[in-house]
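Structural overview
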There are 2 protein chains.
Amino acid sequence: MDNFGRRDFLHSATSLAASTFLVGTGLLLTRSARAQVSVQGSRKYGVKALLFDMFGTVLDMWTTLPREAEKILKPRGINLDWQAFGRAWLGEYGPSIVPVREGTIPFVPLDTLFRQNLERVLPRFGVKDLPKDVFEQLHLVWHRLDAWPDVTSGMAALGKTFLLAPCSNGNIAMMADIARHNNIRFDAILGAEIARTYKPAPKVYTMSCEAFGLKTGECMMIGAAGHTSDFEGAAKAGMKTGAVARPNEGGPGKGTSVPRFKVDVAADDLSDLAARLMA
Amino acid sequence: MDNFGRRDFLHSATSLAASTFLVGTGLLLTRSARAQVSVQGSRKYGVKALLFDMFGTVLDMWTTLPREAEKILKPRGINLDWQAFGRAWLGEYGPSIVPVREGTIPFVPLDTLFRQNLERVLPRFGVKDLPKDVFEQLHLVWHRLDAWPDVTSGMAALGKTFLLAPCSNGNIAMMADIARHNNIRFDAILGAEIARTYKPAPKVYTMSCEAFGLKTGECMMIGAAGHTSDFEGAAKAGMKTGAVARPNEGGPGKGTSVPRFKVDVAADDLSDLAARLMA
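Residues numbered from 1 in each chain as written. Chains lettered and ligands numbered in written order. Predicted model: local features only at pLDDT ≥ 70, side-chain atom pairs only at ≥ 80, totals over all residues. Heavy atoms only, no water.

**Notes on the overall build of chain A**
Basically, it comes down to this: What counts as a helix is a DSSP run of H or I of at least four residues, what counts as a strand is a run of E of at least two, and both are numbered from the N terminus. The rule is simple: take the accessible area with a 1.4 Å probe, protein chains only, and divide by the maximum for that residue type; under 20% is buried, over 50% is exposed, in between is partly exposed. Areas reported as accessible are Shrake-Rupley estimates using a 1.4 Å probe. Residue values count occlusion only from the protein chains shown.
Helix and strand counts for chain A stand at 13 helices and six strands. Each of the 279 residues in chain A was classed as buried or not, and the buried ones make up 61%. Taken as a whole, chain A presents about 10400 Å² of accessible surface, with 52% of it coming from carbon and sulfur.

Written out as structure tokens, the structure reads:
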């Protein structure tokens, strides 16, 4: 029997039964070989797919959350520090995913956690007994977050040459809505929901690359320059890394332009990234 | 505590720890309420997402497989009955997914099974020792299957009003390539690979609807008129069903135009389906 690439090929088949079943006639090929017929990719970097962090990298929560909260709540006579409210709601994100990632509770999609986070944050701002439809409208602001100004055209340019997908902690429904809202064409929605855990758990990166039929080294994780832990997680899984400057990520002038992590490519924005990858 | 929709909401959280964690302040909402901000859907049928069977419903294997096999193998001096070869390769599909669906072997993506099926079929036609790159090129014909002529324009029309996704046994990499090849814009790739089993296992339907944040009754499974078991599986899971006539599905005149299963809507093609859903 030809052993070419067998180990890689059997990656998903862990039992003896499966191994026996999968042993073929010598034509077993590597996983990477089963990949893509449709994209050229970057020869320079050896990558065919770009996987995107979304919150902060593609999406500008710091503008959208306060603005939309004000639009929904102000006409109902509610007045509060909208910036502080947006920051507080977003601030619950990190802690809320920990119990899932650590296995303390089973996987629930991010929509579920964000809804609980909203329940937790509203009373701190003195907002109680919000009618259910208003609460829901507010919750769904996450489904129509605005992308940074360079994203729609930058993604269109990148999509000609690369497979594109979110590799986000956001769930599929949320990401699908966001893609429509910002006219982004993804090839698939990957990330937390298909891996059933949250980044930076290694499985989120590896399963996302596998879903595209590619080795991790053929995929590049794209993150905002300040997202060191995401780059670390992706690089540990074997992925290439690409940073995009987001100088206003935490509000005007409160972001990062130069990554501290040693990424494979650092770009000013998505158009610059497209130029660098195709150079 | 307000019990509104709690059971539905807790659907994914099965342990006591999770239940406790998820019990909130009375603002828990149904899963369906967390759904979509981006599409209008069909008021008549109460559906917001269309989930597509792909093989036979969207894709014409009976034309593509023999034609492409001939293109790849004939220049290498291989001559065989191309129609019979296409039918034989396709014929392995059904039996090959059974051990996964029955749990005899762990989940492997359809690409893996199709490669084994090709290994199995080639010797029957006297083809042995095919070079690896040619074998791979042949295998990847599945990634560039042609859609039926009504599909690209029909999907574009449907996409204005509905969330669209494959709910196919095909894996994500294969479906992403097929979407590019035929210029179809899906919102996500759902189906077997996210559920880690094969249709008509109930999980494939329910997890696909959940991924869009919708109740099964808010999603319609679209299948070729002759695909009774797929309609049965979808309907059992609570989905609506829509049939498309595919009179040439098994070759010229060897298909089905009128479904035997009592579907919610029966259409001549995808454009007709769009008209009926929006009537």
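**Examining the confidence of the model for chain A**
For the record, the criterion: A residue's pLDDT is the predictor's confidence in that residue, given on a scale from 0 to 100. For this analysis, residues touch if any pair of their heavy atoms sits within 4.5 Å.
When pLDDT is averaged along chain A, the result is 89, and 87% of the positions lie at 70 or above. Low pLDDT (under 50) marks residues 1-35 of chain A, which in the prediction has 90 contacts with non-local residues, meaning those over four places away or in another chain.

**Notes on the sheet that holds strand β2 (residues 163-168) of chain B**
Residue and element names in this part refer to chain B. For the record, the criterion: A pair of strands is treated as paired once DSSP finds two or more bridges between them. Orientation is described by lines fitted to C-alpha atoms, with helices fitted over the stretch in contact, and by angles between N-to-C directions that extend from 0 to 180 degrees.
One open sheet holds the six strands; their spatial order is β3-β2-β1-β4-β5-β6, and the pairing between them is parallel. The open sheet has two edge strands, β3 (190-191) and β6 (265-267), and neither has a second partner. Bridge count for strand β4 (residues 219-224) against strand β5 (residues 240-244) is five bridges, and the pairing is parallel. Across the sheet, G223 pairs through a bridge with A243, a residue of β5. Contacts from helix α13 (residues 270-277) reach β1 (49-52), β4, β5 and β6 within the one sheet, and its direction differs from that of β6 by about 140°.

**What to know about the packing of aromatic side chains**
A ring pair, where both rings are aromatic, is described by two values, the distance of the centres and the angle of the planes. Residues and elements named next belong to chain A. Applied cut-off: Between rings of Phe, Tyr and Trp, where Trp is taken as its six-membered ring, a pair exists when centres lie within 6.5 Å; planes separated by under 30 degrees are stacked, by over 60 edge-to-face, and by other angles tilted.
Counted under the stated rule, the structure contains 20 aromatic pairs over all chains. On the basis of an interplanar angle of 20° and a centroid distance of 6.0 Å, the ring pair of F231 and F261 is categorised as stacked. Of this pair, F231 sits in helix α12 (residues 228-236) while F261 sits in the loop between β5 (240-244) and β6 (265-267); the two residues are 30 residues apart in sequence, bridging distant segments of the chain. Among the aromatic side chains, those forming a connected cluster through ring pairs are F55, F85, W89, Y93, F114, F125 and W142.

**Re the pattern of salt bridges**
Residue and element names in this part refer to chain A. To be explicit about the condition: Salt bridges, as used here, are contacts in which a Lys or Arg side-chain nitrogen is within 4 Å of a carboxyl oxygen on Asp or Glu.
For the coordinates displayed, the defined rule picks out 26 salt bridges over all chains. A salt bridge links E92 to R124; the shortest N-O distance between them is 2.6 Å. Highlighted residues: E92 in the loop between α4 (82-91) and α5 (93-101) and R124 in the loop between α6 (110-121) and α7 (132-139), separated in sequence by 32 residues. Relative accessible area serves as the criterion here: at 51%, R124 is assigned to the exposed category.

**Overview of the state of the cysteines**
Residue and element names in this part refer to chain B. Just so we agree on the cut-off: Cysteine sulfur atoms are paired as a disulfide whenever they fall within 2.5 Å.
By the definition in use, this model includes zero disulfides over all chains. Here C209 stays unpaired: no disulfide links it, and the sulfur of C219, its closest cysteine neighbor, is 3.6 Å away. Judged by relative accessible area, which is 0%, C209 ranks as buried.

**Side note on helix α11 (residues 202-211) of chain B**
All names here are of chain B. Most of α11 is tucked away, with seven of its 10 residues classed as buried. Along α11, the residues that are buried comprise V204, Y205, M207, S208, C209, E210 and A211. G213 sits one or two positions beyond α11 and adopts a positive phi of about 70°.

**Some words on the nonpolar core**
Definition in use: To qualify as a nonpolar core, a set must consist of buried Ala, Val, Leu, Ile, Met, Phe, Trp, Tyr and Cys residues joined through side-chain atoms within 4.5 Å.
Residues F52(A), F55(A), F52(B) and F55(B) are the most contacted members of the largest nonpolar core, which totals 180 residues. With residues near it in sequence (within four places) discarded, F55(A) still touches M61(A), Y93(A), L110(A), F114(A), W142(A), L145(A), S168(A), G170(A), M174(A), M175(A), H227(A) and E249(A).

**Some details on the packing of α4(A) against α6(A)**
Each pair of packed helices gets described by two things: the angle between the helix axes and the distance between those axes. Residue and element names in this part refer to chain A. Note the following rule: Any angle between 65 and 115 degrees counts as roughly perpendicular, while under 35 counts as roughly parallel, over 145 as roughly antiparallel, and the rest as oblique. Each crossing gets its handedness from the near helix: less than a right angle anticlockwise from the far helix is left-handed, clockwise is right-handed.
At a minimum axis distance of 9 Å, the contact between α4 and α6 shows a crossing angle of 135°. In terms of their interaxial angle, α4 and α6 are classed as oblique. Handedness of the α4/α6 crossing: right-handed. Contacts between α4 and α6 pair F85, A88 and W89 from the former with F114, N117, L118 and V121 from the latter.

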